[in-house]
Amino acid sequence: MEVIILCAVLIAAIGILAYNRASLTMFTAAIAVILAVGSAFDAAGTVAWIVFLLVALPLNIAVIRQQYLTKPLLKLYRKIMPEMSTTEKEAIDAGTTWWEADLFRGNPDWHKMHNFPVPRLSAEEQAFLDGPVEELLAMVDDWHTTHERADLTPEVYQYLKEKGFFAMIIKKEYGGLEFSAYAQSCVLQKLTSKSMVLSSVVGVPNSLGPGELLQHYGTDEQKKHYLPRLAKGLEVPCFALTSPEAGSDAGAIPDTGIICKGQWEGQEVIGMRLTWNKRYITLAPIATVLGLAFKLYDPEKLLGETEELGITCALIPVSTPGVKIGRRHFPLNVPFQNGPTQGENIFVPLDYIIGGAKMAGQGWRMLVECLSVGRAITLPSNSTGGIKAVALATGAYARIRRQFRLPIGKMEGVEEAMARIGGYAYMADASTTMSVGSIDLGEKPSVISAITKYHMTERMRQAIIDAMDIHGGKGICMGPNNYLARGYQGAPVAITVEGANILTRNMIIYGQGAIRCHPYVLAELQAAQLDDQGAAVTAFDKALFGHIGFAISNFFRTFWLSLTGGAFSGAPYSDATAKYYRQMNRFSAAMALMSDVAMGTLGGDLKRRERISARLGDILSMLYLTSAVLKRYNDEGRKIDDLPLVQWACEDNLAKAQLALNELFDNFPNRVVGVVLKRVVFPWGRTLRKASDVIEHQVARIMQTPGEARSRLGHHMYLTNEPQNQLGLMEQALLDVLAAEPIFDKVTHAAGKRLPFFRLNEVADLGLELKVITEAEAGILRTAEKGRLFAINVDDFEPEYLAADKTLTQQGPGAVAKDKKDKAA
Ligand SMILES: Cc1cc2nc3c(=O)[nH]c(=O)nc-3n(C[C@H](O)[C@H](O)[C@H](O)COP(=O)(O)OP(=O)(O)OC[C@H]3O[C@@H](n4cnc5c(N)ncnc54)[C@H](O)[C@@H]3O)c2cc1C
């Protein structure tokens, strides 16, 4: 009996110590004390002490441990270590990790998260949003831009240049605006709420491209020449990496630069002969300076001994003879300037390399180092702006549009789709704010930028699909009155650019995350690469035994947190959000455990098992997005009115994390491991559910009811009531219709019949006739009728207006079909 008690105490002690991440010394001391007490009660005999000493001594005496354990393990590790290309190494080294690393490590400190400063706009940034951004938006007519002109007007381009829209990232000393990442995000969100073309055109020069690269790596002359010109809009930049042969696999570009001697401005200099064929390049058709990525070779060894120098970035003025530029692609009816560029054997001096000749071959490093910043700002902000605009417009429409005598937003089926839009809008804003906030704290968040880019663009696509369904034919018939269809058409653009989403989910998020966020994996890899054997063993020993302790701890943490549903784990607040923190504690530990199990059982093969990697990345992403939601709720003062949005977003994310874990177990290559660990992580099965119908109803209500919660959901949107701003007009129509409803009820009550809620002009006349409403109230009904009709009506056109080739429609109906037939014949 004593022995059984001793074993139970030992197991409990090991569990508690592991759960709390105790050190090896602490473990050894605690077990020794328990054995000593056990000996006093005759429960631990000599055998127990021998076993203990045989394990504890070699582990605790560094010389013995390193000689007999670490050395052979290091040898084995070097054999099975995953191979990495230079481009992969550079991608992994680039950027920093932040809060996602805490989530990855199985034991997040919630106080730390809540203490990250809340991003704020400076007075200057706020004035820019209230001034130039509003003015610019008032200048843009989105239908004219997307359908009639297939471009922004020259006046809009001029305004963009003059007011520094292309220079938000450029430092003040060069004449730029030098805005915080948060301010850039707010500007882009607001622009997207009216025009995707506008936000794309503004987003690109402020993202990865010449401006960013020059500021980080440019020579003084390059900075002095280009940055003030970019800031004033005298130069329009683009950045060309993608080729027909190399899209996602951008490191494989076939475009070349050959170092050679040539004539430049009347003198023989060492330069390079460039040949490229690029496509999909945003702003290329109107660019004046082309940022170009190519592979540089030095066959004559004019620069040194290396023949293959590697990817290099240069700035090529498009006026250079031979540069082909100007043709346009047509990206999904969202016709921002985008097109191909070519050049063949164009000789330019080495000074054209960004950073000069010393940066030859450093292009990939430069790109991946800068990518994380732009990727965390532009696409997430554009997508977030899109979702928020869609949430407001759909809320208004669903409240105004009636069928079966009810606003459609009150129908349960519609509420389900609305809740998705509302929940995503809240979460998208929370995640984007948190991610750009990290940049303002000095981070270059490579993993977070991938998470945010992937999930915001996917949520935007889903939100717009839901919005289209809710709007019915109103969303489908295009024209100046349709504020959804371009977003619906254009959603795949954001999905594809800056790391197409399938690749981002399956390779990048966890691929970078596992190595960057794990507390020991990178240290192990680096130790194994050391040439000095002694230093390698010492470093590997530290990382490896830290790693083993970490894995044991995660096992016990996962076991306990799963068994108890995290019930006894720490949450910083004891209100309705406490359960989300606790589930996150649980999933964070499970993520850390499964990550080690996947790396341990699959080794280098994990790189090829993309779907395992994707699901681990999904869990990390859901943890990050949920923490952003909780942080936003706290930062905004824990407003109880917002709680349904918080609940919906947290429950949606956590259910997705649960699904990802479950699929991970069901598909884990080692079946025994999958089955056993599924029991550990889900001892009671899958207990989490997505948000209830009640929460979804509350979210739908928020979206349809003007008030503080709705305004917070749509902050930084362009809501000005002007003729070309559909979103602003919808907001006004919502207010007008809501103001008319009690008056309408008064009239129907007096009339003693149930009138339909339309032809409100006639209702106004009836009310006056019955003398139950005032002239002012009749006016409210008439205004509401105008707003109502604006909200539900769609555009129609003269047939010839729609045809791109007007000459064909002038020949009468059927001419287009006949012309096609003739051409085919
Ligand atoms: C409108 C637009 C604007 C753009 N602007 C620019 C620009 O300014 N400058 C520039 O240089 N480029 C630009 N691009 C290029 C963009 O970055 C690429 O389109 C993108 O990298 C994907 O390349 P791809 O289209 O050739 O797709 P592919 O690389 O052919 O990929 C096809 C599919 O395969 C998936 N895939 C590929 N490899 C993997 C993998 N290992 N695992 C899982 N899935 C994988 C991808 O996710 C994708 O779904 C732009 C593209 C578009 C469409």
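Above this text sits the structure in question.
Attention in this report is confined to the structure presented alongside it.

### Observations concerning the nonpolar core
Taken as a class, soluble globular proteins show a tendency for nonpolar side chains to be buried jointly. Formed by 133 residues in total, the largest nonpolar core has its most connected members in Trp99, Met594, Tyr624, Leu661 and Leu781. Leaving out residues up to four positions away in the same chain, Leu781 has contacts with Ala740, Ile743, Phe744, Leu760, Val763, Ala764 and Ile773. Tyr174, Leu292, Leu350 and Tyr352 belong to the second largest nonpolar core, which has 92 residues in total.

### Points about the packing of aromatic side chains
Two measures describe an aromatic ring pair: the distance that separates the ring centres and the angle between the ring planes. What the rule picks out here adds up to 20 aromatic pairs. A centroid spacing of 5.1 Å and a plane angle of 75 degrees characterise the contact between Phe128 and Phe179, whose relative ring orientation is edge-to-face. Taken together, the residues Phe128 in helix 8 (residues 123–139) and Phe179 in the loop between helix 10 (154–162) and helix 11 (181–192) connect sequence positions 51 residues apart. Phe179 gets classed as buried once you look at its relative accessible area, which sits at 8%. Residue placement shows Arg65 over the ring face of Phe545; its charged tip is 5.3 Å from the ring centre. The ring of Tyr424 is capped by Arg459, whose NZ or CZ atom sits 5.2 Å from the centre of that ring.

### A few points about the site of the ligand
With respect to spatial proximity, 20 residues lie near the ligand, and among them Leu241, Thr242, Ser248, Tyr280 and Glu610 are the closest. Between Leu241 and the ligand, the recorded distance is 2.8 Å, taken from a backbone N or O atom to an oxygen atom. Thr242 is positioned with one of its side-chain polar atoms (N or O) 2.7 Å from a nitrogen atom of the ligand. For the ligand, whose unbound accessible area comes to 970 Å², protein coverage reaches 68%. Elements with a contribution of two residues or more to the shell around the ligand: strand 1 (237–240), strand 3 (267–282), helix 19 (485–496) and helix 20 (501–517). Tallied by class, the residues present in the shell around the ligand amount to twelve nonpolar, six polar and two charged.

### Section: the pattern of salt bridges
Counting across every chain of the model gives 31 salt bridges. The partner of Arg788 in a salt bridge is Glu785, and the shortest N-O contact between them spans 3.0 Å. Remark: Glu785 and Arg788 occur in helix 31 (residues 775–792); sequence separation between them is three residues, near one turn of the helix. Here Arg788 and Glu785 have matching classes, each one buried. In the salt-bridge network here, residues are joined through shared partners; they are Lys388, Asp429, Arg632 and Glu636.

### Comments concerning the layout of surface pockets
The volume enclosed by the second largest pocket comes to roughly 990 Å³. Taken together, 39 residues line the second largest pocket, and the ones lying closest to its centre are Ser23, Leu24, Phe27, Leu59 and Ile552. Elements with a minimum of two residues in the lining of the second largest pocket: helix 1 (2–19), helix 2 (24–40), helix 3 (46–60) and helix 22 (533–563). With nine residues, helix 22 is the largest single contributor of residues to the lining of the second largest pocket.

### Some words on empty space enclosed by the protein
Evaluated as defined, the whole model comprises four cavities of 30 Å³ or more. In this structure, the largest cavity occupies an estimated 50 Å³ of space. Every residue lining the largest cavity is listed: Phe166, Ile169, Ile170, Pro205, Gly211, Leu230, Glu235 and Pro237.

### Quick look at a nonpolar patch on the surface
On the surface, a nonpolar cluster with roughly 580 Å² of combined accessible area is contributed by Leu53, Leu57, Ile61, Val63, Ile64 and Tyr68. Contributing elements (two or more residues each) for the nonpolar patch: helix 3 and helix 4 (62–80). Residue contributions to the nonpolar patch peak at three residues, all from helix 4. Within the secondary structure, Leu57 is located in helix 3. Assessed through its relative accessible area of 43%, Leu57 is described here as partly exposed.

### Considering the packing of helix 30 (residues 760–769) against helix 31
For the pair helix 30 and helix 31, interaxial distance at closest approach is 8 Å and the crossing angle is 170 degrees. One way to sum up the angle between helix 30 and helix 31 is to call them roughly antiparallel. Contact residues: Leu760, Asn761, Val763, Ala764, Asp765 and Leu768 in helix 30; Glu775, Ala778, Leu781, Arg782, Ala784, Glu785 and Arg788 in helix 31. Across the contact of helix 30 with helix 31, the residue classes break down as seven nonpolar, one polar and five charged.

### Points about the side chain of Gln222
Mapped onto the secondary structure, Gln222 falls in helix 14 (residues 220–232). Of the polar contacts made by the side chain of Gln222, one reaches the backbone oxygen of Ile353; its length is 2.7 Å. Beyond its immediate sequence surroundings of up to four residues, Gln222 is in contact with Leu214, Leu227, Asp351, Tyr352, Ile353, Ile354, Gly355 and Gly356.

### Details of the pairing of strand 2 (residues 256–264)
Consecutive residues of a regular strand have side chains that alternate between opposite faces of the sheet. Two elements, strand 2 and strand 3, share nine bridges in a ladder whose sense is antiparallel. Across the sheet, the residue bridging to Gly262 is Val269, located in strand 3. Judged from the three bridges that link them, strand 2 and strand 4 (residues 289–297) form a sheet pairing that is parallel. For Ile258, the partnering residue across the bridge sits in strand 4 and is Tyr297.

### Focus on unusual backbone geometry
The backbone of Phe404 shows a phi angle near 50 degrees, a positive value even though the residue is not glycine. Residue placement: Phe404 occurs in the loop between strand 8 (402–403) and strand 9 (406–407). In this structure Phe404 comes out as exposed when scored by relative accessible area, which is 79%. We note that Glu498 has phi near 50 degrees; this positive angle belongs to a residue other than glycine.

### Considerations on the pairing of strand 4
Burial analysis of strand 4 places seven of its nine residues in the buried class, which makes it a mostly covered element. Pairing geometry for strand 1 and strand 4, over four bridges, is parallel. By the bridge assignment for strand 4, Pro237 is matched with Val289. With nine bridges connecting them, strand 4 and strand 5 (residues 308–317) associate as antiparallel partners. The residue of strand 5 that forms the bridge with Lys295 is Ile311.

About the cut-offs
Residues numbered from 1 in each chain as written. Predicted model: local features only at pLDDT ≥ 70, side-chain atom pairs only at ≥ 80, totals over all residues. Heavy atoms only, no water. Core = buried A, V, L, I, M, F, W, Y, C linked by side-chain atoms within 4.5 Å. Buried < 20%, exposed > 50% of the residue type's maximum accessible area, 1.4 Å probe, protein only. Contact = heavy atoms within 4.5 Å. Phe/Tyr/Trp six-rings, centres within 6.5 Å; stacked < 30°, edge-to-face > 60°. Helix = DSSP H or I, 4+ residues; strand = E, 2+ residues; numbered from the N terminus. Lys NZ or Arg CZ within 6 Å of the ring centre and 35° of its normal. Near = heavy atom within 4 Å. Polar contact = N/O pair within 3.5 Å; in protein donor to acceptor, adjacent residues only side chain to side chain. Areas by Shrake-Rupley, 256 points an atom, 1.4 Å probe, with all protein chains shown as cover. Nonpolar A, V, L, I, M, F, W, Y, C, P; charged D, E, K, R; others polar. Salt bridge = Lys/Arg side-chain N within 4 Å of Asp/Glu carboxyl O. 1 Å grid on protein atoms, 1.4 Å probe; cavity = no way out; pocket = protein on both sides within 12 Å on 5 of 7 lines; lining within 4 Å. Points joined across faces, edges and corners; volume = space filled by probe spheres on them. Patch = residues over 30% accessible without salt bridge, like charges linked within 9 Å, V, L, I, M, F, W, Y side chains within 5 Å. Axes fitted to C-alpha atoms, helices over the stretch in contact; angles between N-to-C directions. Parallel < 35°, antiparallel > 145°, perpendicular 65-115°, else oblique. Pairing = 2+ DSSP bridges.

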